[in-house]
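Geometric and topological summary
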Amino acid sequence: PSIQYEQMRRKILNGVQEMWYFASGELKKMQKQALALSPQLATRITRVLEEGVVHKRSLMTDIDTLMEVDGYAAWREKEASDLSDLVQRRLDYLQNPEDCGSARKLVCNLNKGCGYGCQLHHLVYCFTVAYGTERTLILKSRGWRYRKAGWEEVFLPVSRTCTDPSGRTHSHWPGRPDTQVVELPIVDSLSPRPPYLPLAVPKDLAPRLARLHGDPIVWWIGQFLKFLLRPQEATSNMIQEASVKLGFKRPIVGVHIRRTDKVGTEAAFHSLEEYMAAVDEYYNLLEMKQKVDRRRVYLASDDPKVITEAQRKYPEYDILGDSNVAKTAAVSTRYSDTSLNGIILDIHFLSLCDYLVCTFSSQVCRVAYEIMQTLYPDAAKRFRSLDDIYYYGGQSSHIQIAVLPHRARDVNEMNLEQGDLVGIAGNHWDGYSKGKNLRTNQIGLYPSFKAQDRIEAADFPTYPQVPL
Ligand code: GDP
């Protein structure tokens, strides 16, 4: 398929979604006003909402079917697997130098003072810098807050041939090209910032990714997680046993409800009902296309109460999830072996779900979403976040390009000319996004469908030693 065809197909799907966010959002506001003025009008609006959502589902199903009948499914599968294979072989090459004694190294300490998802993102950041500088990543993880013995007790070592951090010459970041060992700080204090931090993807892969995938950066991050999270045998057995015990089966929607220490500090509270409304909508859409024997949810949380609440309030659902696992996530017991097992399992099962409903303000859900990309040619749309759009901690700014002009209709909105660059801050999931127009410096709302992500292709090494 041409890149134009693949991008247009995704643009239409996105447009339908955004149009319904807009229309349903506005109608719900009108409905509130109508309730006080005219009960008949309110009833009428309810009917429009009920019928309108069926229109939307029908359109989305058609676009999905188009993708099945256009004859490119086999190409998508093969391209995804070829691309992943190429990146995995490059990482294997980078990580396994023949002579560790002379290899150029980048040393990364796993123990950033934060949670498991945050630490995984820290590790992936180190790995992308290693890839960008063609240095073998050396991981220091002894005394890790989640597992004292270190990373290698849980996952395969990041190298078979080179784990020794010593060398002739040492330096803090950035060092010189001939410095053998460079120590990398956390991204928050990284200076200077290299061009290959997220949201950058390698220029030599960008055209292929732009055709294959709806959000290349998420795919790119997923590839590093795929390499890093290869389990040790004990971990693999634990996952296998948990899977049997749970009765994990598809179709299934993964729901992550982040509560406890996050709420009120870094994120707002969202009720179980808000998450479940999105799950309902996923299944309503799916049922247009196929019969669903049973609606299943995999529910992960750091709040054990929400799992029993879901099982009580939603008897028409199979709610898979373990409140004992959620209990270990409490801040008081969080940094421990049992808690680590729990979060490994939760992220694993979330990533295996058909769709994710969560808050992208949580790194737990973002990691699951990133891993999910390794399991489909393009899983960019398989989520509903109740708050943020996807981001990567420490990322350079997220730029969109206006594809249609816009005239602000009130003080909250901003103008757009076609081609304007916009630094997007967030999508309000009501038809509007908020951002800053980089031409005018105006900050405000704009209709989400009038701008599209720009793919950040940067110069990375191209690993000519690894065959294409
Ligand atoms: P964030 O704080 O939500 O962005 O994610 P982090 O992963 O950085 O830190 C949160 C930590 O809380 C996790 O790493 C877990 O240790 C724990 N946690 C949060 N949510 C869950 C969950 O759904 N299941 C389990 N088992 N642990 C969780």
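These numbers were taken from a predicted model, which means no experiment stands behind them.

Turning our attention to the site of the ligand. As a structural note, the neighbourhood of the ligand is formed by 21 residues, with G117, R258, K262, D346 and S362 the closest of them. Take Y116: an N or O atom from its main chain is 2.8 Å from an oxygen atom of the ligand. In this structure, a nitrogen atom belonging to the ligand sits 2.7 Å away from a side-chain N or O atom of D346. Protein chains shield 96% of the accessible area of the ligand, which is 560 Å² for the free molecule. Sorting the residues of the shell around the ligand by element identifies α4 (116–133), β7 (295–301), α11 (337–352) and α12 (363–372) as the ones contributing at least two each.

A separate point is the pairing of strand β14 (residues 443–447). For β14, a buried count of four out of five residues is recorded, marking the element as mostly surrounded by other parts of the structure. Between strand β13 (residues 432–437) and β14, which pair antiparallel in sequence order, lie five residues; one of them, N441, sits at a positive phi of approximately 65 degrees.

Moving on to the state of the cysteines. The final tally for this structure, using the stated rule, is four disulfides. Each sulfur of the disulfide joining C100 and C162 lies 2.1 Å from the other. Residues C100 and C162 are joined by a disulfide whose S-S torsion is about 65 degrees; by sign, that bridge is right-handed. Of this pair, C100 sits in the loop between α3 (73–95) and β1 (105–109) while C162 sits in the loop between β2 (136–140) and β3 (170–172); the two residues are 62 residues apart in sequence, bridging distant segments of the chain. The pair C100 / C162 is uniform in exposure class, with both members buried. With a sulfur-sulfur separation of 2.1 Å, C114 is cross-linked through a disulfide to C118. Here the S-S torsion is close to -80 degrees, and the disulfide linking C114 with C118 is therefore left-handed. We note that C114, like C118, is buried.

With that out of the way, let us pick up the sheet that holds β2. Taken in spatial order, the four strands line up as β2-β1-β4-β3 in an open sheet, and their pairing is parallel. Both outer strands of the open sheet, β2 and β3, are each paired with one neighbouring strand and no more. Shown here is a sheet whose adjacent strand axes are inclined to one another by a mean of 25 degrees, direction ignored. The pairing of β3 with strand β4 (residues 181–183) spans three bridges and is classified as parallel. The residue bridging H172 from the neighbouring strand is E183, located in β4.

What counts, and where the lines are drawn
- Residues numbered from 1 in each chain as written.
- Predicted model: local features only at pLDDT ≥ 70, side-chain atom pairs only at ≥ 80, totals over all residues.
- Heavy atoms only, no water.
- Near = heavy atom within 4 Å.
- Polar contact = N/O pair within 3.5 Å; in protein donor to acceptor, adjacent residues only side chain to side chain.
- Areas by Shrake-Rupley, 256 points an atom, 1.4 Å probe, with all protein chains shown as cover.
- Helix = DSSP H or I, 4+ residues; strand = E, 2+ residues; numbered from the N terminus.
- Buried < 20%, exposed > 50% of the residue type's maximum accessible area, 1.4 Å probe, protein only.
- Pairing = 2+ DSSP bridges.
- Disulfide = S-S within 2.5 Å.
- Axes fitted to C-alpha atoms, helices over the stretch in contact; angles between N-to-C directions.

No statement about biological role is implied by the geometric values presented.
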